[in-house]
Amino acid sequence: MNHDLWTLARQGILRRRRSSLLLFLVLLLSFAFAVMMLSVMGSMDRTNTELLKNTYGGWYGAIPDGKAEDRAFLERREWLDQLGESVNYAKVSVILPVSGAGTVDESFVELGRIRLKSGRLPEAPGEVAVEPDLLEALGYDQTIGQSIILPLSVSLADDPDYYIRLDREFILSGVLEEYAHVWILEKNAQNRLLNSAIFLPEDGEAVIAEAQARATSYGLDEVRPPVTSYFYTPMEGMEETLRDEVDGHLAATRSAEEDFSGCINLSAGAAYLLADYNTFYVGLILVITLLAVVAVYLLELQSDVRRIVRLRSLGASKMQLRRLLLLETVLLAVPAVALGTALGAAG
């Protein structure tokens, strides 16, 4: 009897060819549509993630007003994926937009998704790349290679409200896509700046040296040293763990007077919170499909009583009848699911 189950299963499907064909088509189209929808949803998730990161930066967290030991701490974290830094040397003295001037390393160029509308990033001292709104506020167009004057302000170390003002001439090497004024920092009480004007470290050191020379000539104290901010991304799934470690480190290394809260990129935060629902939907589709198949066969069994009685009279056991039903299901469902999945993937 066991050797005849496959033959009986095929005969059962052919005998109910109309309902079998209908169930085959339902399974095929369902899986084709489901695979296409899952592909579209996955593509939309990836597109939205990249859009958020391109707009607000791909970094997850930041340590503003960073210290050398902060970088060393981050580099020792096993959950760290990428680490970049931005150094602010001065504020550009325009009313709006509020802009910083300084340097970025290659890692932050990637993490910040810094892109250029035209030109290139500075490659030699005396060159600068600037955001369009800052150029407009300074009265310049976006012509690459022109000479521009940046009015820079460097605050005193002991009195941040007192600035040393100086004008520095640069050659415009590139026009940046806007990036410095669209981010939002959690607990960013001091409204720290990203750099709307980017130059090389040599120029930054020259700015600090000139500001210090002027401060000394005025009989003033030391100017504020460059401020480094560290930006990081954790390994996937370890965002909260690394964030807690960073907050613990800052709480242990900052005084009560200092702002020791780490910053989270809330603007792009959704990119790290997008849930992967694909597995859930696949499981749901499989469950619904299984229930549909069972329901169809239960209905078919109501009209197949004679065949079951005949098989029982020939000595078929209940277990063999269950196997027969399973074989009929496999013979019908497996080709339909395989073909539907292939058509959906192709679609």
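Residues numbered from 1 in each chain as written. Predicted model: local features only at pLDDT ≥ 70, side-chain atom pairs only at ≥ 80, totals over all residues. Heavy atoms only, no water.

Structural notes on the overall build of the protein chain
Okay, step 1: Summing up its helical and strand segments, the protein chain has 11 helices and 10 strands in all.
Okay, step 2: For the protein chain, the proportion of its 347 residues judged to be buried stands at 41%.
Okay, step 3: Across the protein chain, every contact between residues at least 6 apart in sequence was considered, and the portion connecting residues at least 24 apart equals 78%.
Okay, step 4: A total accessible area of about 18,700 Å² is found for the protein chain, and carbon and sulfur atoms account for 59% of it. (Helix = DSSP H or I, 4+ residues; strand = E, 2+ residues; numbered from the N terminus. Buried < 20%, exposed > 50% of the residue type's maximum accessible area, 1.4 Å probe, protein only. Contact = heavy atoms within 4.5 Å. Areas by Shrake-Rupley, 256 points an atom, 1.4 Å probe, with all protein chains shown as cover.)

With respect to the pairing of strand β6 (residues 147-155)
Okay, step 1: For β6, the buried fraction is high: seven of the nine residues fall into the buried class.
Okay, step 2: Pairing of β6 with strand β7 (residues 163-176) involves nine bridges; the strand directions are antiparallel. Across the sheet, the residue bridging to Leu152 is Leu166, located in β7. (Pairing = 2+ DSSP bridges.)

Regarding a nonpolar patch on the surface
Okay, step 1: A contiguous nonpolar patch, built from Leu21, Leu25 and Leu29 and spanning about 290 Å² of accessible area, is present on the exposed surface.
Okay, step 2: Residue Leu25 is classed as partly exposed on the basis of its relative accessible area, which comes to 40%. (Patch = residues over 30% accessible without salt bridge, like charges linked within 9 Å, V, L, I, M, F, W, Y side chains within 5 Å. Salt bridge = Lys/Arg side-chain N within 4 Å of Asp/Glu carboxyl O.)

Here's the deal with the packing of aromatic side chains
Okay, step 1: Enumeration according to the criterion identifies six aromatic pairs in this entry.
Okay, step 2: For the pair Phe108 and Phe231, a centre-to-centre distance of 4.5 Å together with 40° between the ring planes defines the contact as tilted. Of the two residues, Phe108 is situated in helix α4 (residues 106-111) and Phe231 in strand β9 (residues 227-234); the sequence distance between them amounts to 123 residues.
Okay, step 3: The exposure class assigned to Phe108 is buried, which follows from its relative accessible area of 0%.
Okay, step 4: Of the residues examined, Phe231 reaches a relative accessible area of 1% and is grouped as buried.
Okay, step 5: Grouped by ring-pair contacts, the aromatic residues Trp59, Phe108, Tyr179 and Phe231 constitute a single cluster. (Phe/Tyr/Trp six-rings, centres within 6.5 Å; stacked < 30°, edge-to-face > 60°.)

Things to note about unusual backbone geometry
Okay, step 1: Its identity is not glycine, yet Asp65 carries a phi of approximately 50°, on the positive side.
Okay, step 2: Relative to the helices and strands, Asp65 is located in strand β1 (residues 61-66).

What about the environment of Ala209?
Okay, step 1: Position of Ala209 among the secondary structure elements: in helix α6 (residues 201-217).
Okay, step 2: The exposure class assigned to Ala209 is partly exposed, which follows from its relative accessible area of 47%.
Okay, step 3: On a C-alpha basis, the gap between Ala209 and Val223 in space is 9.2 Å, while along the polypeptide they are 14 residues apart.

A word on α6
Okay, step 1: With 17 residues, α6 extends 24 Å from end C-alpha to end C-alpha; this agrees with the ideal 24 Å at 1.5 Å per step.
Okay, step 2: Those residues of α6 that fall on the buried side of the exposure criterion are Asp203, Gly204, Val207, Ile208, Ala211, Gln212 and Ala215.
Okay, step 3: On its buried face, α6 is in contact with β2 (80-92), β5 (127-130), β6 and β7.
Okay, step 4: After α6 finishes, the residue Gly219 shows a positive phi value of roughly 75°. (Expected span 1.5 Å × (residues − 1).)

Things to note about helix α3 (residues 68-75)
Okay, step 1: All of the buried residues in α3 are Asp70, Phe73 and Leu74. Taken end-on, α3 shows its buried residues confined to a sector of 95°, consistent with a single buried face.
Okay, step 2: Where α3 is buried, its residues touch β1, β2, β9 and α7 (239-253). (Arc of directions from axis to C-beta.)

Quick look at the nonpolar core
For soluble globular proteins, the rule of thumb is that nonpolar side chains tend to be buried together.
Okay, step 1: Grouped together as the largest cluster of nonpolar side chains are 28 residues, with contacts concentrated most on Val128, Val130, Ile148, Leu150, Val154 and Val223.
Okay, step 2: Sorting the residues of this core by element identifies β2, β5, α5 (132-138), β6, β7 and α6 as the ones contributing at least two each.
Okay, step 3: Looking at which element gives the most residues to this core, the answer is β7, with five residues.
Okay, step 4: In this structure Ile148 touches Val128, Val130, Leu135, Tyr140, Arg168, Glu169, Phe170 and Leu172, once residues within four positions along its chain are discounted.
Okay, step 5: Val104, Leu111, Ala129 and Leu176 belong to the second-largest nonpolar core, a separate cluster that totals 14 residues. (Core = buried A, V, L, I, M, F, W, Y, C linked by side-chain atoms within 4.5 Å.)

Looking at a negative patch on the surface
Okay, step 1: Taken together, Asp158, Asp159, Asp161, Asp221 and Glu222 make up a surface patch of like negative charges.
Okay, step 2: Residue placement: Glu222 occurs in the loop between α6 and β9. (Lys, Arg positive; Asp, Glu negative; His and termini not counted. Charge placed at Lys NZ, Arg CZ, Asp CG, Glu CD.)

Description of the pattern of salt bridges
Okay, step 1: Considering all chains together, one arrives at 10 salt bridges under this definition.
Okay, step 2: The shortest N-O distance in the salt bridge between Glu85 and Arg71 comes to 3.0 Å. You can see Glu85 sitting in strand β2 and its partner Arg71 sitting in helix α3, a full 14 residues away along the chain.
Okay, step 3: The exposure class of Arg71 is partly exposed, given its relative accessible area of 24%.
Okay, step 4: Linking Glu127 and Arg120 is a salt bridge whose minimum nitrogen-to-oxygen distance equals 2.8 Å.
Okay, step 5: The class for Arg120 is partly exposed, based on a relative accessible area of 33%.
Okay, step 6: Salt bridges sharing common partners tie together Arg71, Glu75 and Glu85.

Observations concerning the side chain of Glu131
Okay, step 1: Within the secondary structure, Glu131 sits in the loop between β5 and α5.
Okay, step 2: Of the side chains with opposite charge, Arg115 comes closest to the buried, unpaired Glu131, at an N-O distance of 10 Å.
Okay, step 3: A polar atom in the side chain of Glu131 sits 2.9 Å from the backbone nitrogen of Tyr179. (Polar contact = N/O pair within 3.5 Å; in protein donor to acceptor, adjacent residues only side chain to side chain.)

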